[in-house]
Amino acid sequence: MLIRAYSSVWMIGGFSFIIYMGHLYIWALIVVIQIFMARELFSLLRRSNEERQLPGFRLLNWHFFFTAMLFTYGHFLTQQLVNTVTSDKLLCQLVSGLIKYQMFICYFLYIAGFVWFILTLKKKMYRYQFSQFAWTHMILLMVFVQSAFTVANIFEGIFWFLLPASLIIINDIAAYFFGFFFGRTPLIKLSPKKTWEGFIGASVTTLLSAFVLANIMGHFQWLTCPRKDLSTGWLHCDPGPLFKPEYFSLPALMHQWFPWKEVAILPVQCHALAFGLFASIIAPFGGFFASGFKRAFKLKDFGDSIPGHGGITDRMDCQMVMAVFAYIYHQSFVMPPSFSVEMFLDQILRNLTIEEQQLLYEQLGNFFQARQLLQA
Amino acid sequence: MHKDSGSSDTPNYLGRIRHRKRPSEVSADANKANGSKLLVNDRNKYKSMLIRTYSSVWMIGGFTFIIYMGHLYIWALIVVIQIFMAKELFNLLRRANEERQLPGFRLLNWHFFFTAVLFTYGRFLSRQLVNTVTSDKLLYQLVSGLIKYQMFICYFLYIAGFVWFILTLKKKMYKYQFSQYAWTHMILLMVFVQSAFTVANIFEGIFWFLLPASLIIINDIAAYFFGFFFGRTPLIKLSPKKTWEGFIGASITTLISAFMLANIMGQFQWLTCPRKDLSTGWLHCDPGTLFKPEYFSVPRCMHQWFPWKEVAILPVQWHALALGLFASIIAPFGGFFASGFKRAFKLKDFGDSIPGHGGITDRMDCQMVMAVFAYIYHQSFVMPQSLSVEMILEQILRNLTFEEQQFLYEQLGNIFQARQLLQA
């Protein structure tokens, strides 16, 4: 337990520092975590004697990894990229060309990898190579879906990344301690160390912390403001109705226990309850999936990077499920994007030059003025 | 190879039993010298050609009929093909004795299939759906609610399947169940990416679905006949029946047909007009600059061969050349992939629905690669050409509500402000 506590403290410390540094550094952290996770997983099901006969096969994995990275970050960060690179003329043209044809470039990189795979198929190795190909796709799917959604969430406001991640960490630690002190009834055959007492205790703790943490985090503009470009300076913005406190007066009978006559609740705390519910009930299934997987392929851990915890994938298994939920919840309930507006905005930013965009803006403005004149 | 000849020399009854038990008989045949497998030397080739031709004619006939019927029916055809392809592929790597101990596991596959259907078609057709279902009040509310929370609904269906999978993990079956889970994901990915892109293409105009599909069919048929009559040099070890003569002949045929077919197809508004809703009536629209003929005068030296002094070329024919190039060079790799896959897992065919051709996946392997390319090519090169400030402005004013237009205006303003701040 001491080793686990020691490395946990280091991880949480490093994590808090990165949060302080800002969006760009968090994005860099996620990319680094991705690379290490992919490396762990690529190494997992490789068999050494086959690998000796297939030189350059590992390179194929990294080629697909690079293609996936180009695709996901190009897709999710188009606005931010366009907004940032407007100063240097040459760089601007290069980046805008890349954005415009991003889908096509990624597709051709993928096809190149596909053709390369087929041309390197070796007799008697077919089954191994096809299994590796499928396995690579599954790994990249898992790693990139969750990190793409995480990065998209970060640029909506660090709050939407920090809260889910913290809830998973709290759920993990609380389950560990509740199980340590009170654990009696085993929870599921897949993970013999988990107990019902740990599960329920952790759920209650997670729900309470969700409510409290959302209140605390909601006060900082650094955490709640969205970032529209790739700069690293301070942020100021209008937080929006979710983060403005609403006052509820306490019923008279509770006045003797609580010194406050009113309670200030941010509307976002109700969303945080939903997050907490998901983190305590569904997210542990990510851990069960990883345990079952290790049991199926007779592995002790995914890797050994972190002392006492195993590999990076061992730490990230529940985070992955939570990150996807956080993004989809945000898109559906917190700030539903208007598909048409997003689509047009995307088209305008991708396909028109800056002068054309300005022209469009002016003409739209003229239309609105004419309409107002007509109505008056 | 050495082992095979050895076992056939053993006493008859032993040899026959061993022969019957050997599942890889077909791949053993293919391992023999490549020359013996070439179509030119195959003595039964005329009989197999007759069966193939018969089923090909039926398929092409049915296909043409569906094209005539319209967008909605083509979409239905694609969904049907998807279901059959998924069923073939789900059955492929299933093992009978494991399946007996895991009741309800097949149901999990179809649950994920249904979730994928909801997700892909919901995303691509949300606009079309809203345009169609505006009459009935209750249905409209239901459909718009579905569209608004579509992503969330699909996600929860997926999570439900995920939790179900974990709760049904059985001891000693873990490896089999995880492999099946990964295999299901790969199948659904393959089947749905290409069909989602195909459907998106159809609603941009049947032309962008019909041309790529026809090019693949022409490439296939031309390669077959060139290989039948002229094939000598084998192309790739994976598919011993393919030859370089067939490949080159088919490439040239495909390029020429692409150029000509684009001209023929471009004349019909039924094929070139995009469909904005889910109706089935006739379409009329302004075809756009791509389908308006441009006139090139034929150089003087060629006047004796050609009766025309001018040649009308639709600009879309140049795009068709790119599609033809891809169809002849890259798309066959889809076929090689399928051959390698069958070789790896010791299968003769993916299924046996179509006589002479194998299963549906055998026919669709090259189509899948082509469909994705057609969509991405269209999005990257064809659509931006037709975008201009006037067109986008017109679309914004027509398609968005007043509040949405204001919102767009504000967003644009914010972006410009942020940009200016950065430059200063």
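From a predicted model like this one, the values you see are computed outputs, not experimental measurements.

**Q** Which residues make up the overall build of chain A, and what are the values?
**A** Across its full length, chain A holds 16 helices and four strands. In terms of its C-alpha atoms, chain A occupies a principal-axis envelope of roughly 80 × 65 × 30 Å. Here chain A holds 376 residues, and 50% of them are scored as buried. Long-range pairs, those at least 24 residues apart, make up 72% of the contacts in chain A between residues at least 6 apart in sequence. A total of about 19,200 Å² of accessible surface is found on chain A, and carbon and sulfur atoms cover 68% of it.

**Q** Please set out the UniProt feature "transmembrane region" (unreviewed entry) in chain B residue by residue, giving values where relevant.
**A** Residues and elements named next belong to chain B. Mapped onto the present numbering, the UniProt feature "transmembrane region" (unreviewed entry) falls at residues 57–86, 107–126, 146–169, 181–200, 206–231, 243–262 and 316–338. In residues 243–262, helix accounts for 95% and strand for 5%; the two terminal C-alpha atoms are 28 Å from one another. Structurally, residues 316–338 comprises 91% helix and 0% strand, and the distance from its first C-alpha atom to its last is 32 Å.

**Q** I'd like a rundown of the packing of helix α13 (residues 284–296) of chain A against helix α14 (residues 312–334) of chain A, residues and numbers included.
**A** Residues and elements named next belong to chain A. Relative orientation of the contacting elements α13 and α14 amounts to 135°, with a least axis distance of 7 Å. Regarding the angle of α13 to α14, the classification is oblique. Crossing of α13 against α14: the hand is right-handed. Residues Pro-284, Gly-286, Gly-287, Ala-290 and Lys-294 of α13 form the contact with α14, whose participating residues are Asp-314, Asp-317, Cys-318 and Val-321. For the contact of α13 with α14, the residue count by class is four nonpolar, two polar and three charged.

**Q** Report on the UniProt feature "transmembrane region" (unreviewed entry) in chain A, specifying residues and quantitative values.
**A** All names here are of chain A. Per the UniProt entry, the sites bearing "transmembrane region" (unreviewed entry) are residues 12–38, 59–78, 98–121, 133–152, 158–183, 195–217 and 264–290 in this numbering. As annotated, residues 59–78 has a helix share of 95% and a strand share of 0%, and its two end C-alpha atoms lie 28 Å apart. Annotated as residues 158–183, this span is 92% helix and 0% strand, and its ends, taken at the C-alpha atoms, are 35 Å apart.

**Q** Explain helix α9 (residues 159–182) of chain A to me, using residue names and the numbers behind them.
**A** Compared with the 34 Å implied by 1.5 Å per residue over 24 residues, the 33 Å span of α9 of chain A between its first and last C-alpha is a close match. Within α9 of chain A, burial applies to Phe-159, Trp-160, Phe-161, Leu-162, Leu-163, Pro-164, Ala-165, Ser-166, Leu-167, Ile-168, Asn-171 and Ala-174 of chain A.

**Q** Any chance you could break down the nonpolar core for me, citing the residues and the numbers?
**A** With 185 residues, the main nonpolar core has Phe-117 and Phe-159 of chain A together with Phe-165 and Phe-207 of chain B as its most contacted residues. Ignoring anything within four residues of it in the chain, the contact list for Phe-165 of chain B reads Phe-289 of chain A together with Phe-105, Leu-108, Gln-177, Phe-178 and Tyr-181 of chain B. One finds Ile-348, Leu-349 and Phe-368 of chain A together with Ile-392 of chain B within the second-largest nonpolar core, a separate group that totals 18 residues.

**Q** Report on the packing of aromatic side chains, specifying residues and quantitative values.
**A** For any pair of aromatic rings, the description consists of the separation of the ring centres together with the inter-plane angle of the planes. One pass over the structure, following the stated rule, counts 84 aromatic pairs over all chains. Arranged with centres 6.5 Å apart and planes meeting at 15°, the rings of Phe-177 of chain A and Phe-181 of chain A form a pair that is stacked. Of the two residues, Phe-177 of chain A and Phe-181 of chain A are both situated in helix α9; the distance of four residues between them amounts to about one turn of the helix. The class of Phe-177 of chain A is partly exposed, set by a relative accessible area of 35%. Using a relative accessible area of 55% as the deciding quantity, one classes Phe-181 of chain A as exposed. Three or more aromatic residues joined by ring pairs make a cluster, and in this case those are Phe-159, Trp-160, Phe-275, Phe-278, Phe-325, Tyr-329 and Phe-333 of chain A together with Tyr-149, Phe-152, Tyr-155 and Phe-156 of chain B.

**Q** Could you give an account of the interface of chain A and chain B, naming the residues involved and the relevant values?
**A** Each partner contributes to the interface: chain A provides 73 residues, whereas chain B provides 70 residues. Three residues, Phe-289, Phe-344 and Tyr-361 of chain A, lead the burial of chain A against chain B; their summed loss comes to 9% of the area buried on that side. Applying the counting criterion to the chain A and chain B interface returns zero salt bridges. Summed over the shared surface of chain A and chain B, the result is four residue pairs in polar contact (both at pLDDT 80 or more).

**Q** Please give an account of unusual backbone geometry that cites residues and values.
**A** Note: most peptide bonds trans; most residues except glycine with negative phi. Residue and element names in this part refer to chain B. At Lys-172, a residue that is not glycine, the phi angle is positive and equals roughly 70°. Among the secondary structure elements, Lys-172 is positioned in the loop between α9 (150–167) and α10 (174–204). Positive phi, normally seen in glycine, also occurs at Lys-346, with a value near 55°. Structurally, the position occupied by Lys-346 is in the loop between α15 (332–344) and α16 (360–385).

**Q** Break down a positive patch on the surface for me, citing the residues and quoting the values.
**A** Side chains of Lys-189, Arg-295 and Lys-298 of chain A together with Lys-171, Lys-172 and Lys-175 of chain B sit close together on the surface and give a patch of like positive charge. Its location among the elements puts Lys-298 of chain A in the loop between α13 and α14. Note on Lys-298 of chain A: relative accessible area 74%, which makes it exposed.

**Q** Run through the confidence of the model for chain B, naming residues and quoting values.
**A** Within chain B, residue pLDDT values average 77, and 79% of them lie at 70 or more. With pTM at 0.81, the complex prediction returns an ipTM value of 0.84.

**Q** Tell me about a nonpolar patch on the surface, and please be specific about residues and values.
**A** A grouping of Met-1, Ile-12, Ile-173, Tyr-176, Phe-177, Phe-180, Phe-181 and Phe-182 of chain A is seen on the molecular surface, where their side chains present a nonpolar patch of about 790 Å² in accessible area. With six residues, the top contributor of residues to the nonpolar patch is α9 of chain A.

**Q** Any details on the domain arrangement of chain B? Residues and values, ideally.
**A** Partitioning chain B into domains gives domain 1 (55–102 + 170–384) and domain 2 (388–423). Just the C-alpha atoms count here: the centres of domain 1 of chain B and domain 2 of chain B sit 38 Å apart.

**Q** Tell me about helix α4 (residues 57–76) of chain A, and name the residues and values.
**A** Taking 1.5 Å of rise per residue, the 20 residues of α4 of chain A would be expected to cover 28 Å, and the 29 Å separating its terminal C-alpha atoms lies within 8% of that figure. When we look at burial in α4 of chain A, the residues that qualify are Phe-57, Leu-60, Asn-61, His-63, Phe-64, Phe-65, Thr-67, Ala-68, Met-69, Thr-72, Tyr-73 and Gly-74 of chain A.

**Q** Mind laying out the side chain of Asn-153 of chain A, listing which residues take part and the relevant values?
**A** Counting through the fold element by element, Asn-153 of chain A comes out in helix α8 (residues 126–156). Excluding anything up to four places from it in sequence, Asn-153 of chain A contacts Trp-160, Ala-323, Ala-326, Tyr-327 and His-330 of chain A.

**Q** Kindly report on the side chain of Asn-171 of chain A, identifying the contributing residues and their values.
**A** Residue and element names in this part refer to chain A. Checked against the element boundaries, Asn-171 lands in helix α9. When its relative accessible area of 10% is taken as the criterion, Asn-171 is described as buried. A polar contact of 3.5 Å, which involves the side chain of Asn-171, links it to the backbone oxygen of Ala-279. Setting aside its immediate chain neighbours within four residues, Asn-171 contacts Ala-202, Ser-203, Thr-206, Ala-279, Ser-280 and Pro-284.

**Q** Which residues make up the environment of Ser-209 of chain A, and what are the values?
**A** Residues and elements named next belong to chain A. On the secondary structure map, Ser-209 appears in helix α10 (residues 196–217). Classification of Ser-209 as buried rests on a relative accessible area of 15%. Measuring from C-alpha to C-alpha, the distance between Ser-209 and Ile-170 comes to 8.1 Å, with 39 residues separating the pair along the chain. A polar side-chain atom of Ser-209 sits 2.4 Å from the main-chain carbonyl oxygen of Thr-205.

**Q** Report on the packing of helix α12 (residues 268–281) of chain A against α14 of chain A, specifying residues and quantitative values.
**A** Packed helices, taken two at a time, are described by the angle their axes make and the gap between the axes. All names here are of chain A. Where α12 meets α14, the axes come as close as 11 Å, and the angle between the chain directions of the two elements is 150°. Classified by the angle their axes make, α12 and α14 are roughly antiparallel. For α12 against α14, the interelement crossing comes out right-handed. For the pair α12 and α14, contact is made by His-271, Ala-274, Phe-275, Phe-278 and Ala-279 and by Val-321, Met-322, Phe-325, Ala-326, Tyr-329, Phe-333 and Val-334, respectively. Tallied by class, the residues present in the contact of α12 with α14 amount to eleven nonpolar, one polar and no charged.

The rules behind each value
- Residues numbered from 1 in each chain as written.
- Chains lettered and ligands numbered in written order.
- Predicted model: local features only at pLDDT ≥ 70, side-chain atom pairs only at ≥ 80, totals over all residues.
- Heavy atoms only, no water.
- Helix = DSSP H or I, 4+ residues; strand = E, 2+ residues; numbered from the N terminus.
- Buried < 20%, exposed > 50% of the residue type's maximum accessible area, 1.4 Å probe, protein only.
- Contact = heavy atoms within 4.5 Å.
- Areas by Shrake-Rupley, 256 points an atom, 1.4 Å probe, with all protein chains shown as cover.
- UniProt positions renumbered as here; feature names shortened; annotations may be inferred.
- Axes fitted to C-alpha atoms, helices over the stretch in contact; angles between N-to-C directions.
- Parallel < 35°, antiparallel > 145°, perpendicular 65-115°, else oblique.
- Left-handed = near helix turned anticlockwise from the far one by under 90°.
- Nonpolar A, V, L, I, M, F, W, Y, C, P; charged D, E, K, R; others polar.
- Expected span 1.5 Å × (residues − 1).
- Core = buried A, V, L, I, M, F, W, Y, C linked by side-chain atoms within 4.5 Å.
- Phe/Tyr/Trp six-rings, centres within 6.5 Å; stacked < 30°, edge-to-face > 60°.
- Buried area = accessible area lost by both parts, 1.4 Å probe.
- Salt bridge = Lys/Arg side-chain N within 4 Å of Asp/Glu carboxyl O.
- Polar contact = N/O pair within 3.5 Å; in protein donor to acceptor, adjacent residues only side chain to side chain.
- Patch = residues over 30% accessible without salt bridge, like charges linked within 9 Å, V, L, I, M, F, W, Y side chains within 5 Å.
- Lys, Arg positive; Asp, Glu negative; His and termini not counted.
- Charge placed at Lys NZ, Arg CZ, Asp CG, Glu CD.
- pLDDT = per-residue confidence, 0-100.
- Domains from an automatic or database assignment.

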